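Listed below are the residues making up each chain.
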Amino acid sequence: MAGRALTLHPDRLLPADPGVRAVGRRIYEHIRSLPIISPHGHVAARILAEDAAFADPTTLLLSPDHYVTRLLHASGVPLDRLGVGAGPLSESQSRSAWRLLGEHWPLFRGTPVRYWLDGELADIFDVEQQLSADTADAVYDRIAACLQRTDFRPRALYERFGIEVLATTDDPCDDLAAHEQLRTDPTWGGRVVPTFRPDRYLDPAGPDWPAAIERLGAAAGIDTGDYPGYVAALEERRRYFVAHGGVSSDHSAIDARTDPLAPEDAQRVYRAALRGAANAEECAAFRRHMLGEMARMACDDGLVMTLHPGVYRNHHAPTARAFGADTGHDIPVRTEFTRALRPLLERYGTHPNLHLVLFTVDETAFSREIAPLAGFYPSVYAGAPWWFLDAPDAIRRYRAAITETTGFSRSSGFVDDTRAFCSIPARHDMSRRIDAGHLAGLVGEHRLDEDDAMQIAHALVVHNPRHVFKL
Amino acid sequence: MAGRALTLHPDRLLPADPGVRAVGRRIYEHIRSLPIISPHGHVAARILAEDAAFADPTTLLLSPDHYVTRLLHASGVPLDRLGVGAGPLSESQSRSAWRLLGEHWPLFRGTPVRYWLDGELADIFDVEQQLSADTADAVYDRIAACLQRTDFRPRALYERFGIEVLATTDDPCDDLAAHEQLRTDPTWGGRVVPTFRPDRYLDPAGPDWPAAIERLGAAAGIDTGDYPGYVAALEERRRYFVAHGGVSSDHSAIDARTDPLAPEDAQRVYRAALRGAANAEECAAFRRHMLGEMARMACDDGLVMTLHPGVYRNHHAPTARAFGADTGHDIPVRTEFTRALRPLLERYGTHPNLHLVLFTVDETAFSREIAPLAGFYPSVYAGAPWWFLDAPDAIRRYRAAITETTGFSRSSGFVDDTRAFCSIPARHDMSRRIDAGHLAGLVGEHRLDEDDAMQIAHALVVHNPRHVFKL
Amino acid sequence: MAGRALTLHPDRLLPADPGVRAVGRRIYEHIRSLPIISPHGHVAARILAEDAAFADPTTLLLSPDHYVTRLLHASGVPLDRLGVGAGPLSESQSRSAWRLLGEHWPLFRGTPVRYWLDGELADIFDVEQQLSADTADAVYDRIAACLQRTDFRPRALYERFGIEVLATTDDPCDDLAAHEQLRTDPTWGGRVVPTFRPDRYLDPAGPDWPAAIERLGAAAGIDTGDYPGYVAALEERRRYFVAHGGVSSDHSAIDARTDPLAPEDAQRVYRAALRGAANAEECAAFRRHMLGEMARMACDDGLVMTLHPGVYRNHHAPTARAFGADTGHDIPVRTEFTRALRPLLERYGTHPNLHLVLFTVDETAFSREIAPLAGFYPSVYAGAPWWFLDAPDAIRRYRAAITETTGFSRSSGFVDDTRAFCSIPARHDMSRRIDAGHLAGLVGEHRLDEDDAMQIAHALVVHNPRHVFKL
């Protein structure tokens, strides 16, 4: 097995200035070993409930992770050669996809994907050579061998990763059986909480909306034939999630608008939509109305509301048709918050039960809209950099953009938002290093005392996510 | 009085790199003691004319300052407990509000509010402990004791702060009696100039517009019953401000558009608006037309024109109803300048009398629109970072965003824009430190000679504001 | 000749931190002497074909360069005194304009214009004093004397600059005689390639469109009386450019939209436009349709497509009337890519022949839209910072904005885009220094190994432009 040694430098991601770095090291040491709180992500509860061995390196680390596959695709590797959207992979398919990753590994230089995967390979699988065309097979074998071992089962890794809470993302009709299984399993000491993700039930323009609404009614045991029943069914399913440990609902639409409809208009559009007779404008109006309704319900049932707007989904329809959703071609668009959220915030913005966490992939909103909103409304929090922005320089820009308006208390704490279970420790570690370095920079410019910086660093890892997500 | 010592580090806000910091220190020393030129702000002339003792610490430093109260509100402190929008406070109300500030002081770590207030406490009031729940009473007592002394009266502080010019912001109908009193007082050696702020008279959609127009006519001694009289009355009041030392007019609208109306359309909308019969679209068109008219008048009377667009005022109507305007929930929106200002600039952009200073709370406009405009039009200047952006990192981003396109000569010089009289020295000091550090960074990368950097630093404090504001 | 010494510091533009700077120096040394690949610019092939002496310093370095004249104009120097838009200048006009530059030279402190021009004066013309009012005449004389020498003829400078490829920008009807002359000249060893720039033929709203279309037909030898002939003529002229060495087409419109028209609608609008009877909306729809058509043709003929949208041309009509286009008042506007390009990318985004390089003067698009697009579509590349953004801090922001999403492989490599022939080496040198410093920063934070950084730096100068522009 040829190749350069894979080593993780202890000072990686800390500022280069020796004086600032020394402060950064101390801050990082103060927080590096704290438990991981992951209040929003896409790992399935079933994985931990079943606790089966992971299938193979590619299925675990490559094919389902659009962060990885998209840049390979941009460089000419067809998605089908990476196992994207495929069922279980044969050993040869899996190895062949992994070799493609090895061959193209230099593409990822300078990206967080490389940082995360290097961290996973070194820290979890004890790989000692950098991934490359030459080492791909050996690395594959090493990981595959690990995956056979019981100490690489999901629950063992959960323990090893030091996860305190892990939130999943779930369909409102999900019976949460896997969550229930974990909660009632005396051998399981972790905490996995569901997240209510109702997008498809709130947007009549989505595919098969009437069928979805019927499922919703069935799950709730409430007739959704008319608007009041539909609202009641949503309320019921939220209660179900609360009863099963859920702490938040998650919302992703192309815009963040929340204009309410008059009850009779909501009723009218609902009926039309069920018949497939609502036009695009009516559907959008209904979706925006329902986002406001979610806030109203949140004031009642206390679910934290996270908002992830501004992504154009399935930009390349041919890829979506061939490989399904979440395959790397969701592309951000400009996003407006100030006007969009005003109807919601005028009604519920100062309600003591509401926590509204705003995420964006349009960085311009951080200093212009999100920080000013989070710096006035007690309900609003500035969500951590998300998706394309979950990376060292982007996180620094986020801190620089929001802190002067909101300080640190209005920031959500880190959210890994990942489907890649093994990347969770590396992602949280990256966040801790960058925040430590950011705080060290403030100390280095005498804008903050070092003991205050220590407190803040600790709060960002522990207090902020617990408080913001009511954990 | 327990608590950590409050000390202001001599190198605060200077870059952490030792070599760059050494250059930054030298540049800062070169400018730190220069007089303060404050060409735009919200301190009332009356305060200096009357020269009465300030009432109490909370009224002086807390309750009227939405920079401070908004973050407390976000953290759950109701505005009424802070004395916001209230009349004179009793000693117990004032002290109780101050204690809330002390308890919540950690919220402000990393914000300029903390930097300014620490500077005020240490430099003006000789407070020696950091503010906290434990020290709040002692700090309160210390400030309250100072406020009894004659050397803490407004005029004494004006002298002590080293202010050379202070601009106020005034209603066009104001008789400027306080300004007149100061100008004719032989014991007063300062310079306080009024600023013509006509927003409410230019926007027919504003509250009580017909009544405002009637007041305008009365103040000008001109019948505003029809459009030409209205225009003449505005011209007359501008002349009145010029005669009383005014150097600029200030304009704040939700957008920066300046499309002119044909005279007959202006006339028609004006008449309709006086009857309360103009619709929203007509009102906006009239407002935009009048912004262009302001530029026309500026070419005649020479008043510098400052533009502060892009803030959604009174975002939370319930708070506005309970506490009034300027209570912390004005939120920025995206702002366009290139197309919006074209009608104005095509007509007046190269007029030798026009100075048009563009401010924004949408940072994206700095490199994209404001710098390119200021780098071509002799009338256009890039206004200093304003409001949410008046903070160390934001000022650095401003310099980095505009300098490569416009150099330093097209930058307005610092504008404190504050209603907090005691924060003026700390705000200007912050700006000087950040500019010194920015210039030191250019020297450190051999992009600028140190003697050039010294000259530029001096010009930014003295020459630029004098030139841009015709002082 | 009085004045401060003009020296170019060997470490200029490298990071100030001593450790990072040392790495940056090594990386820069690795790439500083590599040949210049200039795949997009505005130097005319005729200059090299004729190889005549340059006329005078002002005509060479000042009057045609709107980067230089715009800031002088902003500071009150009328464009006519700078020779803008004038024919050949007399010696006294040229010298007088140059003196104005000398007097106003401090305006350019902190701008790339100063960096480039200092580099040109020192490296090309061996000027030893900084430009100033006092030294302007001596510097002028020094340059003028050089221009008489055969080793300052265009071809000699091309050699001396180490240019490997130079792309020009050409009208589709151009017979490319100058290019042909160079290609068939046995004494010429360079490579000058034409670029197909069809804007005026694609936008029926442009001036004299019917006449332009007639010229197009004549050049192609194809009747453009109807839409199919027009399309065929464009295809023919593209082939002509390919046959004459062309590698790319260049497109600049106010927006980047690419919505296709149905053939019958394209036909209808085309006919109306030829009669001058198409309205603004139809003209825009036709222009957007034709941008998509250009992509279709690119899939056939292989021309790389560069897109430069988002500039409001001729913002100040009085200046445009007096001095012509490209005189300093083209101002950026907000630009959208995600939705705008979707129709094009859905059809051609994964076509192996398409290379689409996206440039912007709206920096917000880098992290939000351009990097995400370039990180998925194999056809899309993130164009280097352009025009107002071709400057040290802006280039750093670009790298920081795109690298975490796309790595380095999806970046176009540097594009000087200049009409100032003598600025080419200084511009490429600036880019190399900034990229070296950026990479050194990543090494300094242990985000990249130094040998990887060396490889990347080399690729950005050599591999990326060759690959992206198919050279």
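Residues numbered from 1 in each chain as written. Chains lettered and ligands numbered in written order. Predicted model: local features only at pLDDT ≥ 70, side-chain atom pairs only at ≥ 80, totals over all residues. Heavy atoms only, no water.

Novice: Please clarify how the interface of chain A and chain C should be interpreted in this entry.
Specialist: When the parts of a complex come together, some accessible area is lost, and that lost area is often taken as the interface size. Contacts between the two partners involve 50 residues from chain A and, on the opposite side, 43 residues from chain C. Of the roughly 3,800 Å² buried between chain A and chain C, counting both surfaces, carbon and sulfur atoms make up 51%. Contact with chain C buries surface across chain A, with Arg109(A), His315(A) and Arg334(A) losing the most and accounting together for 19% of the total. On the surface where chain A and chain C come into contact, there are eight salt bridges. (Contact = heavy atoms within 4.5 Å. Buried area = accessible area lost by both parts, 1.4 Å probe. Salt bridge = Lys/Arg side-chain N within 4 Å of Asp/Glu carboxyl O.)

Novice: Mind showing me how you'd approach the domain arrangement of chain A here?
Specialist: Residues and elements named next belong to chain A. For chain A, the assigned domains read domain 1 (55-152) and domain 2 (154-468). Just the C-alpha atoms count here: the centres of domain 1 and domain 2 sit 29 Å apart. Domain 1 puts 21 residues into the contact, and the matching count from domain 2 is 25 residues. Both sides of the domain 1 and domain 2 interface together cover about 2,100 Å² of buried area, and 62% of this is carbon and sulfur. Connecting domain 1 to domain 2 are zero salt bridges. Linking domain 1 with domain 2 are five residue pairs in polar contact (both at pLDDT 80 or more). Only helix H3 (57-61), helix H4 (66-74) and helix H6 (112-124) provide two or more residues apiece to the side of domain 1 that touches domain 2. Its residues placed into classes, the side of domain 1 that touches domain 2 shows 12 nonpolar, three polar and six charged. (Domains from an automatic or database assignment. Polar contact = N/O pair within 3.5 Å; in protein donor to acceptor, adjacent residues only side chain to side chain. Helix = DSSP H or I, 4+ residues; strand = E, 2+ residues; numbered from the N terminus. Nonpolar A, V, L, I, M, F, W, Y, C, P; charged D, E, K, R; others polar.)

Novice: Whenever I open this one, the interface of chain A and chain B confuses me. Can you help?
Specialist: Across the contact, 43 residues belong to chain A and 50 residues belong to chain B. Together, the buried faces of chain A and chain B total about 3,800 Å²; carbon and sulfur atoms form 51% of this surface. It is Arg368(A), Phe376(A) and Glu404(A) in chain A that bury the most area against chain B; as a group they hold 21% of the surface buried on that side. Here chain A is connected to chain B by seven salt bridges. Mapped onto the side of chain A that touches chain B, the elements with two or more residues apiece are helix H16 (342-348), helix H17 (364-374), helix H18 (392-406) and helix H20 (450-461) of chain A. With eight residues, H17(A) is the single largest residue contributor to the side of chain A that touches chain B. Taken together, the residues of the side of chain A that touches chain B break down into 14 nonpolar, 14 polar and 15 charged.

Novice: How do you make sense of the side chain of Ser423(A) when you look at a structure like this?
Specialist: Residues and elements named next belong to chain A. Looking at the element boundaries, Ser423 is found in the loop between H18 and helix H19 (424-444). We classify Ser423 as buried; its relative accessible area is 2%. A polar side-chain atom of Ser423 sits 2.8 Å from a polar atom in the side chain of Arg427. Excluding residues within four positions of it along the chain, Ser423 makes contact with Glu120 and Thr418. (Buried < 20%, exposed > 50% of the residue type's maximum accessible area, 1.4 Å probe, protein only.)

Novice: What should I look at first to understand the relation of the copies chain A and chain B in this one?
Specialist: Here the two chain copies are tied together by a rotation about an axis and a shift along that axis. It takes a turn of 120 degrees to lay chain A on chain B, together with a shift of 0.0 Å along the axis; the resulting RMSD is 0.0 Å. As the rotation angle and translation indicate, the two copies are arranged about a three-fold axis. Counting the interface residues of chain A, we find that no more than 7% of their copies in chain B are interface residues as well, pointing to two distinct contact surfaces. (Least-squares fit on C-alpha atoms with pLDDT ≥ 70 in both.)

Novice: Which parts of the structure should I look at to understand the pattern of salt bridges?
Specialist: Between side chains of opposite charge, a pair can form when the charged atoms approach closely. For the structure shown, the criterion picks out 138 salt bridges over all chains. The salt bridge involving Arg268(A) is made with Glu282(A); its shortest N-O contact spans 3.3 Å. Of the two residues, Arg268(A) sits in helix H13 (residues 263-274) while Glu282(A) sits in helix H14 (residues 280-301), which places them 14 residues apart along the sequence. For Arg268(A), a relative accessible area of 44% puts it in the partly exposed group. We classify Glu282(A) as partly exposed; its relative accessible area is 21%. The network of salt bridges with shared partners includes Arg4(A), Arg109(A), Arg114(A), Asp118(A), Asp449(C), Asp451(C) and Asp452(C).

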